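Fold and geometry: a report
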Amino acid sequence: MNTAVEVIPLEAGWDKMKEGIDKFTQIMEEDFRESFPLALHSELYTTCYAMCTQKAPQNWADDLYKRYGTMYEEQLNKTVLPAIKGQHGESMLQEFAKRWKNHKLLVRQMWKLFVYLDRFYIKRVSALPLKAVGVQKFEQVVFNAVKDDVRSGVLSLIEKEREGDQVDRDLLKSVVNVFVEIGDWRPLFPTRVGEEIGDIGAARLNIYIKELEQQLIAATSEFYARESASWIGSDSCPEYMKKAEKRLSEEVNRVAAYLHASTEEKLLKECEQQLLANHQSALMDKEETGCRALLREEKTEDLQRMHKLFQRLPSTTTCGLQPISQIVREHIVDVGMGLVRKEEAEKDHKNYAQQLIDLHDKYLALVQGPFANNTLFQKVLKEAFEVFVNKDIGQSTTAELLSSFCDNIMKTGGDKIEGEIDTILDKIVMLFSYLSDKDMFAEFYRKQLAKRLLLNRSASDDDERSLITKLKYRCGAQFTSKLEGMLTDMNVSKDTQTNFQGFLNSSESALGMDCAVTVLTTGFWPTYKVDEVALPMELLKCVDTFTRFYESRTSHRKLKWIHNLGTCVVVGRFDAKPIDLVISTYQACILMLFNQEEAYSATDIAASTKLSMEELKKYLQTLALSKYQILTKTPKGKEIADSDSFSFNSKFTDRQRRIKMSLLVTKVSQDEKQSTKQTVDEDRKHAVEASIVRVMKARKTMPHSQLVMEVSQQLMKLFKPEPKVIKNRIESLISREYLE
């Protein structure tokens with residue numbers, strides 16, 4: 001027997017559904033003091049299912065879907081909207097948040113009852129999902145009607161909080177979330193006229209951005225424009241920055257507490273614009289507390305805060321870190337030029353290099369500390385030092401003074417610097433990197449290194465090699481090839497000396513004294529004058545014996561003897577006691593004459609030694625008129641005349657058994673300085689010509705101005721060539737038919 005399924009009419013079915021909906025609404029309005037009956041839930045679900053699965057024309061799915069939306073409109077207009085509009089201020093926000101929370105519960109419950117529609121009908125006809133309909137109806141009926149009042153309430157509370165009042169952050173979070181959550185279904189809504197949905201992620205926040213965030217940013221801008229305008233007139237730069245830092249921190253905290261995370265970047269950008277960018281110039285230029293004053297007074301904490309704040313801004317010539325870096329550059333240049341002017345007034349410049357190192361340490365610490373080793377500040381430090389490091393001090397260049405400073409700390413008996421020598425060398429090389437005439441430094445350093453090595457005055461071979469390695473790293477192998485060759489020569493000479501000693505032993509040649517010879521390779525060492533001094537027989541014997549030894553071991557090599565850099569140890573047999581005298585070869589030639597005669601005139605000594613009178617007088621000064629008076633001058637006086645007579649001072653004595661006389665050659669004379677500069681000038685001419693030829697070989701033809709520019713760039717690592725010099729060298733090459 002067949003049982004007929006009872007058909008549910010539309011109105012009867014809907015009345016039953018409406019009864020259940022009203023029941024849930026009543027329970028919700030009474031704050032859920034009772035729960036929705038499970039039996040009623042099952043009955044309503046079954047009714048909806050039956051109405052949607054009946055055969056046409058009694059299939060009511062389409063009608064139920066339409067009445068589902070109408071039901072929300074009626075409920076929202078009748079209950080929710082009047083309840084919200086009946087409140088004001090904070091109470092209105094609380095009611096708004098509560099009603100949205102309840103509406104979400106209603107939508108969830110209704111979806112459970114009408115779920116069959118969601119699963120089958122909506123998919124078939126491509127309609128809006130049930131939950132989306134619920135959200136959409138709240139937006140259309142309630143949200144659009146009260147959004148302006150709600151937004152005003154939210155912005156009012158935020159302003160109160162900014163002014164220092166306590167506000168209900170949980171309430172703000174709940175209200176702001178409504179703006180976000182209503183957008184959750186926006187990608188599925190029909191696109192409104194003039195509104196681009198974009199990607200789903202962005203579309204979710206369309207309502208929040210359009211209805212709250214944009215107005216919040218505008219209000220924030222207005223608030224901080226007012227506040228910063230009052231601060232800038234009354235506060236010092238450090239005080240202003242502390243307040244700005246606090247405000248920015250508060251805004252970050254505010255976003256975390258109740259705004260959407262995507263707002264943080266936009267909100268902070270506006271705050272930074274009003275608090276920092278709009279007042280940067282006025283803040284930096286404050287007379288007694290601005291950036292220049294902070295640098296003068298070394299307020300590192302405030303400078304660190306300044307860097308931290310202004311690095312937030314885009315860096316342009318008028319905004320962000322760039323204007324600050326220019327002030328730092330100007331400050332360092334001012335301090336550096338002050339040091340240059342002070343040093344020019346001094347007679348002795350030996351402390352200048354140390355003062356430069358100390359100054360660099362100070363500002364390097366500033367760059368690495370408060371300015372967080374920012375590349376922009378590294379650059380201005382370099383640029384600032386390049387300005388004054390390349391200024392001449394009196395008659396001396398910084399390259400020369402820096403080289404002399406190196407010489408002083410690298411030689412025995414020089415000034416000992418506190419701290420690790422390797423650290424000091426690093427600092428020297430850093431200063432060296434700022435020099436525009438690096439080739440000038442190299443030439444002075446080469447001459448001083450030569451004297452340290454030849455006169456056995458170098459304190460440490462390891463330190464010498466360490467500095468050369470650091471220079472090589474900065475400027476390349478070609479720059480240090482001569483310096484390395486000099487050290488190699490010294491090592492080879494030690495082996496040669498050992499072999500010479502073996503030669504003396506095997507040939508049974510007795511020299512009657514110890515003899516050590518250093519063989520130098522011409523290309524590596526400075527150019528020395530080959531002199532024709534008349535050596536005593538004892539020294540001539542040494543020279544001849546070594547020449548025979550060397551020629552027997554090498555071919556195609558010719559020895560040239562340079563006596564002015566030699567040293568001797570002679571025994572002075574004085575009345576009190578014999579004393580070892582460490583003297584130069586020239587001084588030895590003069591003293592050994594007194595083994596033959598008791599007294600000589602200056603003219604006689606010049607004739608016997610073949611030294612020029614000018615040079616002889618310098619050496620006689622060290623022997624007769626210095627601290628150790630080995631010779632006695634007649635008549636007495638500080639000046640030496642050609643006719644003055646000199647005799648051996650047998651009465652001389654000293655507490656020490658061995659004394660070092662002034663060697664003269666250890667000091668760099670004015671003539672040597674001049675010849676060094678001339679050597680550098682000549683080398684520069686050749687370097688410019690070589691560069692021109694290299695460029696033209698590669699390019700074949702090119703405009704004059706471009707050639708000058710390219711040659712300048714090539715040579716910049718060693719020195720800064722003048723365009724006029726390059727032009728002269730081009731003309732010289734044309735005249736010699738290297739170019740046309």
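Being a predicted model, the structure only gives us computed values, none of them experimental. (Residues numbered from 1 in each chain as written. Predicted model: local features only at pLDDT ≥ 70, side-chain atom pairs only at ≥ 80, totals over all residues. Heavy atoms only, no water.)

**Considerations on the packing of helix α7 (residues 169-182) against helix α10 (residues 237-258)**
Packing of α7 against α10 leaves a shortest axis separation of 8 Å and a crossing angle of 65°. The angle between the axes of α7 and α10 places the two elements in the roughly perpendicular class. Contacts between α7 and α10 involve R169, L172, K173 and V176 from the first element and N253, R254, A257 and Y258 from the second. Taken together, the residues of the contact of α7 with α10 sort by class into four nonpolar, one polar and three charged. (Axes fitted to C-alpha atoms, helices over the stretch in contact; angles between N-to-C directions. Helix = DSSP H or I, 4+ residues; strand = E, 2+ residues; numbered from the N terminus. Parallel < 35°, antiparallel > 145°, perpendicular 65-115°, else oblique. Contact = heavy atoms within 4.5 Å. Nonpolar A, V, L, I, M, F, W, Y, C, P; charged D, E, K, R; others polar.)

**Quick look at the pairing of strand β2 (residues 578-584)**
Counted residue by residue, β2 has five buried out of seven residues, so it is predominantly covered. The pairing of strand β1 (residues 567-573) with β2 spans seven bridges and is antiparallel. The partner of V569 across the bridge, within β2, is V582. Connecting the antiparallel pair β1 and β2 is a turn made up of four residues. (Buried < 20%, exposed > 50% of the residue type's maximum accessible area, 1.4 Å probe, protein only. Pairing = 2+ DSSP bridges.)

**Here we look at the sheet that holds strand β6 (residues 658-660)**
Taken in spatial order, the three strands make up an open sheet running β1-β2-β6, and their pairing is mixed. The outermost strands of the open sheet, each flanked by one partner alone, are β1 and β6. Here the average twist between neighbouring strands, direction ignored, is 25°. Relative to β6, β2 is paired through three bridges, and the arrangement is parallel. Opposite L581, over in β6, you have I659 as the bridge partner.

**Section: the packing of aromatic side chains**
All chains considered together, the criterion is met by 29 aromatic pairs. Judged by centre distance (5.4 Å) and plane angle (50°), the ring pair of F503 and F549 falls under tilted. In this pair, F503 is assigned in helix α22 (residues 477-507) and F549 in helix α23 (residues 537-553), connecting sequence segments 46 residues apart. For the pair shown, F503 and F549 are each scored as buried. Taken together, a centroid distance of 5.3 Å and an interplanar angle of 75° make the contact between Y586 and Y619 edge-to-face. Here Y586 is found in helix α24 (residues 585-592), whereas its partner Y619 is found in helix α26 (residues 613-624), with 33 residues between them in sequence. The same class applies to Y586 and to Y619, which are both buried. Note that K131 overlies the ring of W111, its terminal NZ or CZ placed 4.7 Å from the centroid. (Phe/Tyr/Trp six-rings, centres within 6.5 Å; stacked < 30°, edge-to-face > 60°. Lys NZ or Arg CZ within 6 Å of the ring centre and 35° of its normal.)

**Brief notes about unusual backbone geometry**
Between T634 and the following residue, P635, the backbone shows a cis peptide bond with an omega angle of -5°. Relative to the assigned elements, P635 resides in the loop between β4 (631-634) and β5 (645-648). Despite not being glycine, E298 has its phi angle at roughly 55°, a positive value. Among the structural elements, E298 can be located in the loop between α13 (291-296) and α14 (300-310). According to the relative accessible area criterion, E298 is partly exposed, its value standing at 48%. The phi dihedral of K610 is positive, around 65°, even though this residue is not glycine. The topology assignment puts K610 in the loop between α25 (602-609) and α26. Among the residues examined, K610 registers a relative accessible area of 60% and is labelled exposed.

**As for the packing of helix α15 (residues 321-345) against helix α17 (residues 375-389)**
Where α15 meets α17, the axes come as close as 9 Å, and the angle between the chain directions of the two elements is 25°. Considering the angle they form, α15 stands roughly parallel to α17. α17 is crossed by α15, and the crossing has right-handed handedness. When α15 is examined against α17, the residues L321, Q322, I324, S325, Q326, V328, R329, I332, V333, G336, M337 and V340 are found in contact with a partner set consisting of L376, F377, V380, L381, E383, A384, F385, V387 and F388. Partitioned by chemical class, the residues of the contact of α15 with α17 number 15 nonpolar, four polar and two charged. (Left-handed = near helix turned anticlockwise from the far one by under 90°.)

**Considering the state of the cysteines**
Under the defined criterion, the tally for this structure stands at zero disulfides. Here C475 stays free of any disulfide, with the sulfur of C406 as its closest cysteine sulfur at 13 Å. C589 provides the cysteine sulfur closest to C568, a residue in no disulfide bond, and the two sulfurs are 7.1 Å apart. For C568, a relative accessible area of 13% translates into the label buried. (Disulfide = S-S within 2.5 Å.)

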